[in-house]
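Chain residues, written in single-letter form:
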Amino acid sequence: MKRRRVITALGLGIALAPTPFLAGIARAQTAATLDEVKKRGVLRAGVRQDVPGFGIVDEKGGTVGFDIDIATELAKRLGVKIELVPVTAATRIPLLQQGRIDLIAATLTHYRERDRVIDFSIGYFWTGQKLMVKKSSNIQSFADMAGKRAGTTVGALALKNLAAAQPKAVGQTFEGYPEAFLAMQRGLVDAVVADVIILAGLRANAPNPGDYVIVGESLGGGDYAIGVRENDSKWRDAINFALQDMWRDGTWDKIYGRWVGPGTPLNLAKSEIGFSMELWD
């Protein structure tokens, strides 16, 4: 493998199988994920613990959020129990490839670069990417980020999008979004660049939410989708059918209302998201 390709893969938080032996294991695991999950009686879902509204640790020590409810509902519809495995932006794809989780439900946006190494379900959410800055700053757009620092997480493609939008900006990565936000609060970076829904969650949980504003044109957006290992259409179909059933029977709306909708810290109406799930006859 060429050095350039290795660097590119690592930049996306992706670990490629280094030997034919490991590749063979991955193919064997991939071939029958649905059967293995049902035989095991447990669905192992990789979920975040650092994204307000989508995956956080509550006061009782449990992992909760939109993605957790989606994964739990998937397990319920498959007739198995759920096991939540904490992941980060950098570890979620390697853990999937290594067979340590069965799927990723962790604010994983479907991008072409990621599709080269894993497969995706249909989208179950949508969000664009923007900047969040202190209200007292003079930053109103990506043009104002020349010579300034923006924080995001390791493995997030927001860093690549930032470089394209403002080549003179300096990107700095952190283990999680809360760490990036804390760095901005302390003046170590000038902005946080991430999905709008993530920025809204960070702001909502701040002591003084009014001190921060989300600014700039969207860097583009994408669907959050369930990540699965490659070449396992049986498993992907089972997930796609379950997601579509959730949308049709109102379960998705209930989960949205619990974590994202009006009255929640994120306080976003469904119309503001502008998302509609792909449905098949």
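Just so it is clear, the structure is predicted and the values come from calculations on it, not from any experiment. (Residues numbered from 1 in each chain as written. Predicted model: local features only at pLDDT ≥ 70, side-chain atom pairs only at ≥ 80, totals over all residues. Heavy atoms only, no water.)

S.K.: Explain the packing of aromatic side chains here, please?
M.R.: Each aromatic ring pair is summarised here by two numbers: the centre-to-centre distance and the angle between the ring planes. Taken as a whole, this structure holds 15 aromatic pairs when the rule is applied. With 4.8 Å between their ring centres and 55° between their planes, Trp247 and Trp252 make a pair best called tilted. Judged by its relative accessible area of 1%, Trp252 is buried. Connected via pairs of aromatic rings, a cluster forms that spans Phe54, Phe66, Tyr124, Phe125, Tyr224, Trp247, Trp252, Tyr256 and Phe275. (Phe/Tyr/Trp six-rings, centres within 6.5 Å; stacked < 30°, edge-to-face > 60°. Buried < 20%, exposed > 50% of the residue type's maximum accessible area, 1.4 Å probe, protein only.)

S.K.: Just checking my understanding: could you explain unusual backbone geometry for this structure?
M.R.: The phi torsion of most residues other than glycine is negative, and most of the peptide bonds are trans. The phi torsion at Thr107 lies on the positive side, around 45°, for a residue other than glycine. Within the element layout of this structure, Thr107 appears in the loop between β6 (103-104) and α6 (112-115). Classification of Thr107 by relative accessible area gives buried; the value is 4%. (Helix = DSSP H or I, 4+ residues; strand = E, 2+ residues; numbered from the N terminus.)

S.K.: Help me out: how do you make sense of the pattern of salt bridges in this one?
M.R.: Opposite charge on two side chains makes pairing possible when the charged atoms of those side chains draw close. For the coordinates displayed, the defined rule picks out 10 salt bridges. Two residues, Arg77 and Glu73, come together in a salt bridge whose shortest N-O distance is 2.8 Å. Of this pair, Arg77 and Glu73 both sit in helix α4 (residues 66-78), 4 residues apart, roughly one helical turn. Across the pair Lys160 and Glu113 runs a salt bridge, and its minimum N-O distance is 2.5 Å. Residue Lys160 is found in helix α7 (residues 158-165), and its partner Glu113 is found in helix α6; the two are separated by 47 residues along the sequence. A relative accessible area of 24% means that Glu113 is categorised as partly exposed. Salt bridges here are not isolated pairs; linked through shared partners, they connect Arg40, Arg44 and Asp102. (Salt bridge = Lys/Arg side-chain N within 4 Å of Asp/Glu carboxyl O.)

S.K.: Please explain the confidence of the model for the protein chain as it appears in this structure.
M.R.: Note that predicted coordinates carrying low pLDDT should not be read in detail. In the predicted model, the protein chain carries a mean pLDDT of 88, and 89% of its residues have values of at least 70. Throughout residues 1-30 the model reports pLDDT below 50, and contacts reaching past four residues in sequence, or to other chains, amount to 33 contacts. (pLDDT = per-residue confidence, 0-100. Contact = heavy atoms within 4.5 Å.)

S.K.: Any chance you could explain the packing of α4 against helix α10 (residues 233-249) here in plain terms?
M.R.: Taken N-terminus to C-terminus, the directions of α4 and α10 make an angle of 105°; their axes are 10 Å apart at the nearest point. With respect to α10, the element α4 is oriented roughly perpendicular. Within the contact between the two elements, α4 uses Ile70, Glu73, Leu74, Arg77 and Leu78 and α10 uses Trp235, Ala238, Ile239, Ala242, Leu243, Asp245, Met246 and Asp249. Of the residues in the contact of α4 with α10, the class split is 9 nonpolar, no polar and 4 charged. (Axes fitted to C-alpha atoms, helices over the stretch in contact; angles between N-to-C directions. Parallel < 35°, antiparallel > 145°, perpendicular 65-115°, else oblique. Nonpolar A, V, L, I, M, F, W, Y, C, P; charged D, E, K, R; others polar.)

S.K.: Sorry, what's going on with the sheet that holds strand β3 (residues 55-57) here?
M.R.: Sheets are built from strands paired through backbone hydrogen bonds, the pairs being either parallel or antiparallel. With respect to topology, 3 strands assemble into an open sheet ordered β2-β3-β4, the strand pairing being antiparallel. Looking at which strands have only one partner, the edges of the open sheet turn out to be β2 (50-51) and β4 (63-64). Sheet topology note: the β2/β3 ladder contains 2 bridges and is antiparallel. If you follow Asp50 over to β3, its bridge partner there is Ile56. (Pairing = 2+ DSSP bridges.)

S.K.: Honestly, helix α8 (residues 177-185) in this entry has me stumped. Any pointers?
M.R.: Every α-helix winds through 3.6 residues per turn, so residues three or four apart in the chain are directed the same way. Every buried residue belonging to α8 is among Tyr177, Ala180, Phe181, Ala183 and Met184, and all of these are buried. Summarising the axial view, the buried residues of α8 lie within an arc of 155°, below the 170-degree limit, and thus occupy one face. One or two positions beyond α8, positive phi appears at Gly187, with a value near 80°. (Arc of directions from axis to C-beta.)

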